[in-house]
Amino acid sequence: MLTLISNVFRLGNASKNVGARMVVSTRFFTDFTLQASFDIKKCELHRLEAGPSETAVLTREQGLQYYRTMQTMRRMELKADQLYKQKIIRGFCHLYDGQEACAMGIEAGINPTDHLITAYRAHGYTFTRGVSVREIMAELTGRRGGVAKGKGGSMHMYAKHFYGGNGIVGAQVPLGAGVALACQYQGNNQVCVALYGDGAANQGQIFESFNMAALWKLPCIFICENNKFGMGTSVERSSASTEYFKRGDYIPGIKVDGMDVLCVREAIKFAADYCRAGKGPIVMELETYRYHGHSMSDPGVSYRSREEIQEVRSKSDPITMLKERMLSNNMASVEEIKEIDVDIRKVIEDAAQFAISDPEPPLDELCNHIFANDLPMEVRGTNPWVKLKSVS
């Protein structure tokens with residue numbers, strides 16, 4: 001049930017805040033609901049007496065920001081799909097479309113100074129952590145203007161307080177626990193979000209990380225993005241227990257609707273407050289869905305039907321859900337949404353052109369940024385008479 005909060009702001013009324021006036025497409029002045037409260041799906045809890053709020057307040061400004069960010073992620077991934085099929089992007093490429101509410105909701109629920117580490121489905125998080133679409137696309141095509149100078153590719157992208165993009169299944173989780181240990185040691189009131197997929201949930205190092213984090217009460221939010229399939233294997237076939245939010249056993253857990261950006265945001269806020277209060281780690285399961293296969297080499301329809309994918313698109317798409325909320329409650333206009341879509345397409349096309357035309361990194365930069373100093377390094381197994389230098 002929707003409850004309108006505060007008031008409705010009349011942009012055309014001169015007695016109100018003139019500086020907030022806005023012209024939207026062909027509509028000159030209109031009324032918009034500036035803020036509304038929505039009932040959201042209740043989270044399932046493990047070892048918790050109370051959980052995240054079951055209502056979420058959304059402002060018009062937040063809604064437009066969330067929509068723009070998620071739609072940019074979606075269009076970026078669709079363009080990456082196109083470039084891969086044209087053999088402009090090579091190697092591994094794991095797309096994130098369908099899961100946008102997870103990345104956006106997490107980012108909306110923590111601070112920019114908090115830390116985040118994820119697996120190889122990393123493009124969306126690279127964007128929410130502040131890297132431009134241009135740098136992401138150029139990294140995918142192996143160009144000098146990429147976020148990792150064209151040497152990291154799809155899996156290895158980094159930003160401030162963002163530690164990748166990691167290619168080894170589950171290996172980022174103990175690294176995230178280590179980042180949380182650093183936060184605790186430094187006493188900076190920051191938390192670390194460590195993400196992994198349902199396919200990695202059975203890895204031993206994840207349970208080892210749970211154990212250490214619980215013993216030391218680390219400020220770490222362990223998040224399983226359960227997109228239903230580990231590569232081509234369904235969760236029912238790979239896991240004796242599919243209740244991933246209970247896998248921490250002694251660690252409290254929350255199961256969240258990962259297709260609703262507001263559900264994710266409220267759950268992350270709750271988890272971050274829990275960690276900052278010194279109560280230790282928390283485990284979260286985000287129920288989500290990927291529209292593409294595991295990677296670009298996987299068509300994604302041999303182990304699930306096209307009808308299944310289409311049903312999720314029609315009933316639970318995170319971008320459509322947010323758009324309908326805003327339109328049906330007068331928080332945005334159809335014309336405004338269309339203008340945002342047009343602008344995003346221009347940004348994506350510009351980034352794609354840059355990613356195609358930007359030069360590849362020169363060979364003499366092959367070993368740069370390996371070490372923090374410029375001491376010479378002998379490379380074994382290549383040429384024993386040649387020394388390469390690392391320039392940082």
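All of the points below concern the structure found in this document. (Residues numbered from 1 in each chain as written. Predicted model: local features only at pLDDT ≥ 70, side-chain atom pairs only at ≥ 80, totals over all residues. Heavy atoms only, no water.)

1. Description of the overall build of the protein
Within the protein, the secondary structure is distributed over 11 helices and 15 strands. In the protein, the share of contacts with a sequence separation of at least 24, taken over all contacts with a separation of at least 6, comes to 71%. Accessible surface for the protein amounts to roughly 18,600 Å². Of this, 52% is attributable to carbon and sulfur atoms. (Helix = DSSP H or I, 4+ residues; strand = E, 2+ residues; numbered from the N terminus. Contact = heavy atoms within 4.5 Å. Areas by Shrake-Rupley, 256 points an atom, 1.4 Å probe, with all protein chains shown as cover.)

2. Things to note about unusual backbone geometry
Phi angles above zero are rare outside glycine, and Arg47 is one such case at about 60°. Its place among the elements puts Arg47 in the loop between β5 (44-46) and β6 (55-59). A residue is classified by how much of its surface remains accessible, and Arg47, at 55% relative accessible area, is exposed. With phi around 65°, Lys87 is a residue other than glycine that occupies positive phi space. Relative accessible area serves as the criterion here: at 58%, Lys87 is assigned to the exposed category. (Buried < 20%, exposed > 50% of the residue type's maximum accessible area, 1.4 Å probe, protein only.)

3. A few points about the environment of Pro362
Summarising the element assignment, Pro362 is placed in the loop between α11 (334-357) and β14 (376-378). As for Pro362 and Arg144, which are separated by 218 residues in sequence, their C-alpha atoms are 8.3 Å apart.

4. As for the packing of helix α1 (residues 60-85) against helix α8 (residues 261-276)
Viewed as axis vectors pointing N to C, α1 and α8 meet at an angle of 105°, and their least axial separation amounts to 12 Å. The angle between α1 and α8 places the two elements in the roughly perpendicular class. Facing α1, whose interface residues are Gln62, Tyr66 and Met70, α8 presents Val261, Leu262 and Arg265. The class makeup of the residues in the contact of α1 with α8 is 4 nonpolar, 1 polar and 1 charged. (Axes fitted to C-alpha atoms, helices over the stretch in contact; angles between N-to-C directions. Parallel < 35°, antiparallel > 145°, perpendicular 65-115°, else oblique. Nonpolar A, V, L, I, M, F, W, Y, C, P; charged D, E, K, R; others polar.)

5. Side note on a nonpolar patch on the surface
Together, Leu181, Met212, Leu215 and Trp216 line one region of the surface with nonpolar side chains, adding up to about 390 Å² of accessible area. Per element, the largest residue contribution to the nonpolar patch is 3 residues, and it comes from helix α6 (residues 204-216). Structurally, Leu181 is set in helix α5 (residues 172-186). The exposure class assigned to Leu181 is partly exposed, which follows from its relative accessible area of 33%. (Patch = residues over 30% accessible without salt bridge, like charges linked within 9 Å, V, L, I, M, F, W, Y side chains within 5 Å. Salt bridge = Lys/Arg side-chain N within 4 Å of Asp/Glu carboxyl O.)

6. Here we look at the state of the cysteines
Applying the stated criterion across every chain, the model contains 0 disulfides. No disulfide involves Cys275; its sulfur sits 7.2 Å from that of Cys220, the nearest cysteine. Using a relative accessible area of 4% as the deciding quantity, one classes Cys275 as buried. (Disulfide = S-S within 2.5 Å.)

7. Focus: the side chain of Glu336
Tracing the backbone shows Glu336 in helix α11. Among the polar contacts listed, one links the side chain of Glu336 to the side chain of Arg60, at a separation of 2.8 Å. (Polar contact = N/O pair within 3.5 Å; in protein donor to acceptor, adjacent residues only side chain to side chain.)

8. Side note on the pattern of salt bridges
The final tally for this structure, using the stated rule, is 17 salt bridges. We note a salt bridge from Asp343 to Arg68, for which the minimum N-O separation is 2.8 Å. One end of the pair, Asp343, is in helix α11; the other, Arg68, is in helix α1, and 275 residues separate them in sequence. In this structure Arg68 comes out as partly exposed when scored by relative accessible area, which is 35%. Across the salt bridge formed by Arg134 and Asp350, the nearest N and O atoms sit 3.0 Å from each other. Of the two residues, Arg134 is situated in helix α4 (residues 133-140) and Asp350 in helix α11; the sequence distance between them amounts to 216 residues.

9. Notes on the packing of helix α2 (residues 100-109) against α8
Packing of α2 against α8 leaves a shortest axis separation of 7 Å and a crossing angle of 40°. In terms of orientation, α2 and α8 fall into the oblique class. In terms of crossing hand, the pair formed by α2 and α8 is right-handed. Residues Ala101, Cys102, Met104, Gly105, Ile106, Ala108 and Gly109 of α2 pack against Val261, Val264, Arg265, Ile268, Lys269 and Ala272 of α8. (Left-handed = near helix turned anticlockwise from the far one by under 90°.)

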